[in-house]
Amino acid sequence: MTRRQLLIRGGLAGGGVLLAPVAVLARDTEELGPSLPALPLLPVRRPEPGLVTAELSAGELPARAGGARRLGYSGSTPGPLIHVREGEHVRLGFTNGLREATNLHLHGLRIAPAVDAPFTHLEPGERRMYEFDVPAASAGTYWYHAHPHGMVARQVGAGLLGGLVVDGPLDEERELEAAEQHVVVLSSLSTRPELLVNGARRPHIRARGATLRLRLINAHGSRSLRLALDEPRAPWADRRAPLHLIASDGGLLRSPVEMEELLLAPGGRAEALVRLEREAPLQLRTLDYSPYRDGSAADAGEVLMHLLPPPRPQPAALPTRLASPTALAPPRGARPQLVEFGADADGMFTINERSFAADRVDMRARQGELAVWELVNTDAQDHPFHLHSWSFQVLSRNGRPDRIPAWRDTVTLRPDERMRIAIPFSDFAGRTVFHCHVLSHEDMGMMGVLDVSRARS
Ligand code: C2O
Ligand code: CU
Ligand code: CU
C-alpha cells in the first residue's frame, strides 16, 4: 500500500479527524526510529543522610565502524545522568582519562567559582574533587561538559557532555509527579550535522501516560534551537500542539506557560509538559532558524523525536502553581553596566572590544549586590550569553519588559538585540567567566572575567 492510500484509509477510519492508531503506526514504520535511550544513571553512594559521593571520568570511547574518535564520560556519550537533591552535599571525584587536558563544568549550577574552577585544567590522569552543596530552590535541569579554553568546541563536539537533574519538594506535587519524565539531551557530533537525541537519531517515546515532562537540554555546541511540537500525521490535521513550559534554565516557573515554540539557546534548558490528547503521534521538531541578521545559512527544521500516545490517552490537568521565583526589581535609576558582543576589524569575536585574557578582570561586582547588566549584540550573528555560578533574570528585551520571572543562565542574543538582565550576586564571591555559548566563539576569545569581591562583614 502506498503512503497516500494509507493516509486515505486512516482518514476514513478516523472520520477525517481522529486517525486510527494502527494505520498511523503502519505508516510510521519506515521512519520510526529507535526507542529513546534513557541516559545511564551515574552510580552514587549516600553513606550518610545528606551526603552524596560519586566518581566520574572523561575518556575515549571505542570508535564506531568507520566513525571518528568519540569522547565520553564514564564510558558513554552523553555521559551518565547525575541525579541529586536540593540541599545535598556532593563530593564528585572527576578523573581525566584523556590523553589531553580537560576539566569539568557543571553548567548552570549555582556553585562557588572556586569549586567550578573554569580556569583550572586537569592533565591526563589527574583527579580533582568537586565538592559543593546543591543550592536550595534549585530543582531543575542542568548539564555538564568539558571547558578547557581553546578546546571546548572540539571536546564537547566529540561527546564530552552529560545531563544533571536536581530534585526538590515541588517535584512531588501531584501533577508533576504524575507526568512521565524524560531527560532529552539534544546534541550533535562535530563529524555529523544532524541532531541527536540522547545520542540517537530521531528516536521515539512510546508513552505509558498521556502527560510527558520533557527536560530539554540544548547541548549543541553552536545552534539555538527553535523547538515546536506538531501533529504531522494527516495533512488536514497538520497543526501545532502546545508546549507547556514549566521550567527555565534555573528551575520551575510560577505556573505553566503555553507556547507554540520555544527558542532554546545552546547551553540552555527548558522543561515542558506535553499533553497527548489524541490517539495520534506528535513530533518534537526544530523550525527553520538562521543565526544571522540577514537570514542566511538557515538550519532547516528537522524532526527530532516522535511521541506516541498510549491507547485512549487522558492527559492530567496542568499544575496551576509551581514555584515562586521572586521577580527581581532593581532600584529605578540603577545604571546598567554594558556588555557588548561584537567583532573587531580582523573579524575576531570580542566582548567590550576585547578578546579573552585570563589575567584581566572585565566586570566587577560586590557580593550581595543586585547588578544590572545591559547585554548588547552589535554583530551580524547570534551570540548566546552565559554566566557561570550565578543565575539572572531577564528584565527587558529591546526595551520591552519580560513578563515571566524565570531564572536563566544562558540566553540567545539576536543580532542588534539589547537585553537588560538583573543578577543577584548572593551566596559567594570569587572570580569566574561569562561568555558566548557558541563554543567556537568562546574558544576564539569571546569570553570575559568577572570578579565578585567578598562583602565586608
Ligand atoms: Cu556551558 Cu562556560 O559553559
Ligand atoms: Cu556554564
Ligand atoms: Cu558568539
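See the structure printed just above.
Since the model is a prediction, treat every value here as computed from it, not as a measurement.

Cut-offs and rules
Residues numbered from 1 in each chain as written. Chains lettered and ligands numbered in written order. Predicted model: local features only at pLDDT ≥ 70, side-chain atom pairs only at ≥ 80, totals over all residues. Heavy atoms only, no water. Helix = DSSP H or I, 4+ residues; strand = E, 2+ residues; numbered from the N terminus. Rg over C-alpha atoms; globule rule 2.2 N^0.38 Å. Buried < 20%, exposed > 50% of the residue type's maximum accessible area, 1.4 Å probe, protein only. Contact = heavy atoms within 4.5 Å. Areas by Shrake-Rupley, 256 points an atom, 1.4 Å probe, with all protein chains shown as cover. Lys, Arg positive; Asp, Glu negative; His and termini not counted. Charge placed at Lys NZ, Arg CZ, Asp CG, Glu CD. Donors = N, O, S within 2.8 Å, 3.2 Å for Na, K, Ca; no water. Phe/Tyr/Trp six-rings, centres within 6.5 Å; stacked < 30°, edge-to-face > 60°. Pairing = 2+ DSSP bridges.

Caption draft 1: Main features of the overall build of the protein chain. Of the regular secondary structure elements, the protein chain holds 6 helices and 32 strands. Whereas a compact globule of 457 residues would reach a radius of gyration of roughly 23 Å, the protein chain reaches 22 Å, a difference of no more than 12%. Each of the three principal axes of the protein chain carries a C-alpha extent, and together these read 75 × 50 × 50 Å. The burial tally for the protein chain puts 58% of its 457 residues in the buried class. Counting only contacts in the protein chain whose residues sit at least 6 apart along the sequence, the fraction spanning at least 24 positions is 76%. Per element, the accessible surface of the protein chain, about 19,400 Å² overall, is 50% carbon and sulfur. A gap of 3 Å separates the mean positions of the 53 positive and 54 negative side-chain charges of the protein chain.

Caption draft 2: Summary view of the coordination of the copper ion (ligand 3). Within the protein, His383 (ND1), Cys436 (SG) and His441 (ND1) serve as the donor atoms for the copper ion (ligand 3), at 2.0 to 2.1 Å. Considered as a linear motif, the donors of the copper ion (ligand 3) on their single chain read H-x52-C-x4-H. Here His383 is found in the loop between strand 25 (370-377) and strand 26 (385-387), whereas its partner His441 is found in helix 6 (residues 439-443), with 58 residues between them in sequence. Given a relative accessible area of 0%, His383 falls into the buried group. By relative accessible area, which is 5% here, His441 ends up buried.

Caption draft 3: The arrangement of the coordination of the copper ion (ligand 2) in detail. For the copper ion (ligand 2), the full set of protein donor atoms is His105 (NE2) and His386 (NE2), and the range of their distances to it is 1.8 to 1.9 Å. Of the two residues, His105 sits in strand 6 (residues 105-107) while His386 sits in strand 26, which places them 281 residues apart along the sequence.

Caption draft 4: Spotlight on the packing of aromatic side chains. Under the counting rule described, the total for this entry stands at 11 aromatic pairs. A centroid spacing of 5.4 Å and a plane angle of 55 degrees characterise the contact between Trp390 and Phe428, whose relative ring orientation is tilted. With a gap of 38 residues between them, Trp390 in the loop between strand 26 and strand 27 (393-397) and Phe428 in the loop between strand 30 (418-424) and strand 31 (430-436) connect regions that are remote in the sequence. Accessibility expressed as a relative area gives 3% for Trp390, which makes it buried. Take Phe428: its relative accessible area is 15%, and that puts it in the buried class. Connected via pairs of aromatic rings, a cluster forms that spans Phe341, Trp373, Phe385, Trp390, Phe392, Phe425, Phe428 and Phe434.

Caption draft 5: Expanded view of the sheet that holds strand 25. The 6 strands lie next to each other as 23-22-25-30-27-28, forming an open sheet whose pairing is mixed. Both edges of this open sheet fall to strand 23 (349-351) and strand 28 (400-401), since each of them pairs with a single strand only. As paired strands, strand 22 (residues 337-343) and strand 25 are joined by 5 bridges and run parallel to one another. Bridge pairing in strand 25 places Leu338 opposite Glu374.

Caption draft 6: Quick peek at the sheet that holds strand 13 (residues 211-218). Sheet architecture is open: 6 strands sit in the order 11-10-13-19-16-17, paired in mixed fashion. Each having just a single partner strand, strand 11 (196-197) and strand 17 (251-259) make up the two edges of the open sheet. Of the pairings in the sheet, the one linking strand 10 (residues 180-187) to strand 11 comprises 2 bridges and is antiparallel in character. Bridging across to strand 11, Ser187 finds its partner in Leu196.

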